[in-house]
Amino acid sequence: MKKTIRKILGGKAMTYAMVIIVFVIMEALLHGGMISSSLAGQLVPICAYICMAIALNLTVGILGELSLGHAGFMSVGAFTGVVVVIALQGAVPSGIVRFILAIIIGGIMAALTGVLVGIPVLRLQGDYLAIVTLAFGEIIKNILNNIYLGVDGSGLHFSMKDTASLGMQGGTVIINGPMGAVGIPKLSTFVAGFILILIVLTVTLNLIQSRTGRAVMAIRDNRIAAESTGIDITRYKLTAFVISAALAGMAGALYALNYSTIVPKKFDFNTSILILVFVVLGGIGNIRGGIIAAAVLTILPELLRSMNDYRMLIYAIVLILVMLGTNNPQLRRILGSIFGRKHAEPVEGGKSNE
Amino acid sequence: MNLLANLINGLSLGAVYAIIALGYTMVYGIAKMLNFAHGDVIMVGGYVCFCTMSYLHMPAPAGVLFAVIVCTVLGIVIEKLAYKPLRQATSLAVLITAIGVSYFLQNAALLIWKSDPKVFTSVVNIPAIRLFDGQLVISGVTVATIASSVIIMIALTIFTGKTKVGKAMRAVSEDKGAAQLMGINVNSTISVTFAIGSGLAAIAGVLLCSAYPTLMPTTGSMPGIKAFTAAVFGGIGSIPGAMLGGLLLGVIEIFAKAYISTQLSDAIVFAVLIIVLLIKPTGLLGKAIHEKV
């Protein structure tokens, strides 16, 4: 028991240390001008994806339910964040304050969406739950595709039809249906992304070790046994799911404020899958692994840029080979005999969904 | 009359979903995996048929036949290389591998056939049916699609119910271990299932492209997801369920487009799915699984 606690704490400190050290190195390289501009441009998205990977790990790894629609929460946070930043342009001149507000309100809106989605979704199980999260992700994308929102002197204007029906006197259109949000001030920075990672990490790691976290993991390991010991299944499942959604929303706001335009289509099924790939490759339930996978897999297509047309093909092959290499007993044995025992062990914290 | 025309359009789209969903459901029933690469096999089928007809100037039936053969082989190869080594792995690992295969197929298609959309010539030469003095026109493609989906469903039901291989499939989907003890070759049975599923995907691809004649490397993704939804809608693992789910989904989609909102049709389709699953958590015709402590 004592050993496991020390192991968890050691792991926790290691995770923080890893994030901080990598940040310091990257920041130093950035100031030394040793990072190519394409990679420098990827830094904020990488931070956002890392936050998403941690958030999804909470749902998939800790809660043990497969979500195929997490990009939906990301997009809610993203568009809320953009609206906050542009609508408050007059009232709050400070960019940093607006950015922080955007992240917070983005997180809150995503959490509310999480409650709305979670109540029906968490009644289902297994693959049915997965397909319903996929459905909700698509619904969120579809609705955002039809939202028109503008701001002028008299306040916010909202329509589901087109920009003309907003009835604005001057002012700016913030969300323009399928064209998305335009004219976003670029408020996200690498430092902000790093701080958000630390916040998301702290929330998640502390949650896992709290009473709530233990209850959630008990539900994951055996629902019926957990229920019979008096754990309120619905409440704990919903808590974990909503926190995960809120963190995803914050990541979304960070992501959106890095670009001047953002479209709802960006947060489709493929993005949800991309984040799921980070989580699974990092080892389900393993927060640190997810962080590493998110960073490596976002940089990988950039590094393969010289291969031009072949890069996504190589990415796909790498993905398949890694999955085969880490999950096939025979292959793992062969790898284990080559690289020593460590590789032969199952992925740390690896926990199937079933 | 408008209502009837929309209903027929819906059934036509639904029949394509149904054919794809039948493949999905068979593979899910036996391998218990969400094969996300299924949608991309549809796209490959469409391209193979297109190439046979446009570049080799072969007649349409040859194109369809060739597409079915290529996709069947492709299905078996994918299963052998990517899924078979993961038979003992967690379902999520297999899911991610399927996504890897899906990326691979899409990007391979992008390299081979480039990203510009190809205009697909319909493989169906049946003249359109005119009813009520030409007020209601049912196109040949619609007739062919609905007819083939019904034929496929009946054939599959007979196949799984009466033939030895079909019975083996049901046994494997029920209990792999017990099936093996009864002398059923589990691996070859799973291969056959993948072959059938992929062959159906090829037919679905050809019919889909005949009805909506633009062909791109991403053509299969959305119909794939929709058909997957249809399979879940009807109760995944059930053959009549997939058929029913596909047809209903198509009709709902077309009706939502016609009477509610074109832009929000996808949202409506998925919302209906959610409502159905909340009322019947295992789909319309799915079997309820009782949990044991």
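Residues numbered from 1 in each chain as written. Chains lettered and ligands numbered in written order. Predicted model: local features only at pLDDT ≥ 70, side-chain atom pairs only at ≥ 80, totals over all residues. Heavy atoms only, no water.

Draft legend 1. Structural detail: the overall build of chain A. Helix and strand content of chain A: 13 helices and three strands. In terms of C-alpha radius of gyration, chain A reaches 21 Å, essentially the compact-globule figure of 20 Å for 354 residues. Considering only contacts within chain A whose residues lie at least 6 apart along the sequence, 72% involve residues at least 24 apart. (Helix = DSSP H or I, 4+ residues; strand = E, 2+ residues; numbered from the N terminus. Rg over C-alpha atoms; globule rule 2.2 N^0.38 Å. Contact = heavy atoms within 4.5 Å.)

Draft legend 2. Spatial organisation of the environment of Ile126 of chain B. Residues and elements named next belong to chain B. Note that Ile126 resides in the loop between β1 (118–119) and β2 (129–131). By relative accessible area, Ile126 is classed as partly exposed at 45%. For the pair Ile126 and Ile158, spaced 32 residues apart in the sequence, the C-alpha separation amounts to 27 Å. (Buried < 20%, exposed > 50% of the residue type's maximum accessible area, 1.4 Å probe, protein only.)

Draft legend 3. Expanded view of the packing of aromatic side chains. A full pass over the atoms with the stated rule returns 16 aromatic pairs over all chains. A ring pair is formed by Tyr315 of chain A and Tyr103 of chain B, whose centres lie 6.2 Å apart and whose planes are at 45°; its orientation type is tilted. Taken together, the residues Tyr315 of chain A in helix α12 (residues 311–327) and Tyr103 of chain B in helix α4 (residues 91–113) connect one chain to another. Exposure remark for Tyr103 of chain B: the relative accessible area of 12% places this residue in the buried category. An aromatic cluster is built from Tyr49, Phe79, Tyr255, Tyr259, Phe267 and Phe278 of chain A, whose rings are joined through pairwise contacts. Across the ring face of Tyr236 of chain A, the terminal group of Arg235 of chain A is positioned such that the distance to the ring centre comes to 4.7 Å. (Phe/Tyr/Trp six-rings, centres within 6.5 Å; stacked < 30°, edge-to-face > 60°. Lys NZ or Arg CZ within 6 Å of the ring centre and 35° of its normal.)

Draft legend 4. Expanded view of the interface of chain A and chain B. Across the contact, 47 residues belong to chain A and 46 residues belong to chain B. Contact between chain A and chain B buries roughly 4000 Å² in total, counting both sides, with carbon and sulfur atoms accounting for 78%. Here chain A is connected to chain B by zero salt bridges. The interface formed by chain A and chain B contains zero residue pairs in polar contact (both at pLDDT 80 or more). For the side of chain A that touches chain B, the elements supplying multiple residues, two or more each, are α5 (126–144), α8 (223–228), α10 (269–282) and α12 of chain A. Looking at the side of chain A that touches chain B element by element, the count peaks at 11 residues for α5 of chain A. (Buried area = accessible area lost by both parts, 1.4 Å probe. Salt bridge = Lys/Arg side-chain N within 4 Å of Asp/Glu carboxyl O. Polar contact = N/O pair within 3.5 Å; in protein donor to acceptor, adjacent residues only side chain to side chain.)

Draft legend 5. How the structure looks around a nonpolar patch on the surface. On the surface, Ile96, Ile100, Ile104, Ile105, Ile108, Met109 and Leu112 of chain A cluster together to form a nonpolar patch covering roughly 640 Å² of accessible area. Locating Ile108 of chain A in the fold gives a position in helix α4 (residues 95–121). (Patch = residues over 30% accessible without salt bridge, like charges linked within 9 Å, V, L, I, M, F, W, Y side chains within 5 Å. Areas by Shrake-Rupley, 256 points an atom, 1.4 Å probe, with all protein chains shown as cover.)

Draft legend 6. Spotlight on the nonpolar core. With 206 residues, the main nonpolar core has Leu68 and Leu276 of chain A together with Phe36 and Tyr83 of chain B as its most contacted residues. When near neighbours in sequence (up to four residues on either side) are disregarded, Leu68 of chain A contacts Ala130, Thr133, Leu134, Phe269, Ser272, Ile273 and Leu276 of chain A together with Phe36 and Leu95 of chain B. (Core = buried A, V, L, I, M, F, W, Y, C linked by side-chain atoms within 4.5 Å.)

Draft legend 7. Region of the structure containing helix α5 (residues 140–162) of chain B. Residue and element names in this part refer to chain B. Between the first and last C-alpha of α5 there are 32 Å, a value that for 23 residues agrees with the 33 Å anticipated at 1.5 Å per step. When α5 is considered as a whole, its buried residues turn out to be Gly140, Val141, Thr142, Ala144, Thr145, Ser148, Ser149, Ile152, Met153, Leu156 and Thr160. Elements in contact with the buried residues of α5: α1 (2–31), β3 (136–138), α6 (164–174), α8 (186–211) and α10 (239–260). (Expected span 1.5 Å × (residues − 1).)

Draft legend 8. Molecular detail of the sheet that holds strand β3 (residues 172–176) of chain A. Residues and elements named next belong to chain A. Overall, antiparallel pairing links the three strands, which are arranged β2-β1-β3 in an open sheet. Taken across any chain shown, the strands that pair with only one partner, and hence form the sheet edges, are β2 (155–159) and β3. On average, each strand axis in the sheet is tilted by 20° relative to the strand beside it, whichever way the strands run. Pairing between strand β1 (residues 148–152) and β3: four bridges, direction antiparallel. Paired with Val151 across the bridge in β3 is Thr172. Where helix α3 (residues 70–87) meets the sheet, it contacts β1, β2 and β3, and its direction lies at approximately 180° from that of β3. (Pairing = 2+ DSSP bridges. Axes fitted to C-alpha atoms, helices over the stretch in contact; angles between N-to-C directions.)

Draft legend 9. Just the pattern of salt bridges, in detail. Residue and element names in this part refer to chain B. Counted according to the given criterion, the structure contains eight salt bridges over all chains. In this structure, the salt-bridge partner of Lys226 is Asp266, at a minimum N-O distance of 3.2 Å. Placement of the pair is Lys226 in helix α9 (residues 221–234) and Asp266 in helix α11 (residues 265–279), with a sequence separation of 40 residues. As far as the burial class goes, Lys226 and Asp266 line up, both buried. Of the charged contacts in the structure, one is a salt bridge between Glu253 and Lys257, with a shortest N-O distance of 3.3 Å. Of this pair, Glu253 and Lys257 both sit in helix α10, four residues apart, which is roughly one turn of that helix. For Glu253, a relative accessible area of 4% corresponds to the buried category. A residue is classified by how much of its surface remains accessible, and Lys257, at 36% relative accessible area, is partly exposed. A cluster of three or more residues bridged by salt bridges with shared partners is formed by Lys226, Glu253, Lys257 and Asp266.

Draft legend 10. Local environment of empty space enclosed by the protein. For the structure on display, the rule yields five cavities of 30 Å³ or more. In terms of lining residues, the largest cavity is bounded by 10 residues, among which Asp127 of chain A together with Leu34, Ser91, Leu92 and Leu95 of chain B are the most central. Broken down by element, the residue count for the lining of the largest cavity peaks at four residues, all from α4 of chain B. Considering only enclosed or pocket space, the second largest cavity measures out at about 50 Å³ in volume. Every residue lining the second largest cavity is listed: Asn35, Ala37, His38, Val41, Gly75, Ile78, Tyr83, Phe194 and Ser198 of chain B. Breaking the lining of the second largest cavity down by element, the ones donating at least two residues are α2 (38–54), α3 (60–83) and α8 of chain B. Counting residues per element, the lining of the second largest cavity draws most heavily on α3 of chain B, at three residues. Among the residues forming the lining of the second largest cavity, the class breakdown is five nonpolar, four polar and no charged. (1 Å grid on protein atoms, 1.4 Å probe; cavity = no way out; pocket = protein on both sides within 12 Å on 5 of 7 lines; lining within 4 Å. Points joined across faces, edges and corners; volume = space filled by probe spheres on them. Nonpolar A, V, L, I, M, F, W, Y, C, P; charged D, E, K, R; others polar.)

Draft legend 11. Quick peek at the confidence of the model for chain A. Residue and element names in this part refer to chain A. Per-residue confidence for chain A gives a mean pLDDT of 83; residues scoring 70 or more make up 91%. Per-element averaging of pLDDT across chain A places helix α13 (residues 329–339) at the bottom with 70 and helix α9 (residues 233–256) at the top with 93. Under a pLDDT of 50 for its full length, residues 342–354 has, in the predicted model, 22 contacts with residues more than four places off or in other chains. (pLDDT = per-residue confidence, 0-100.)

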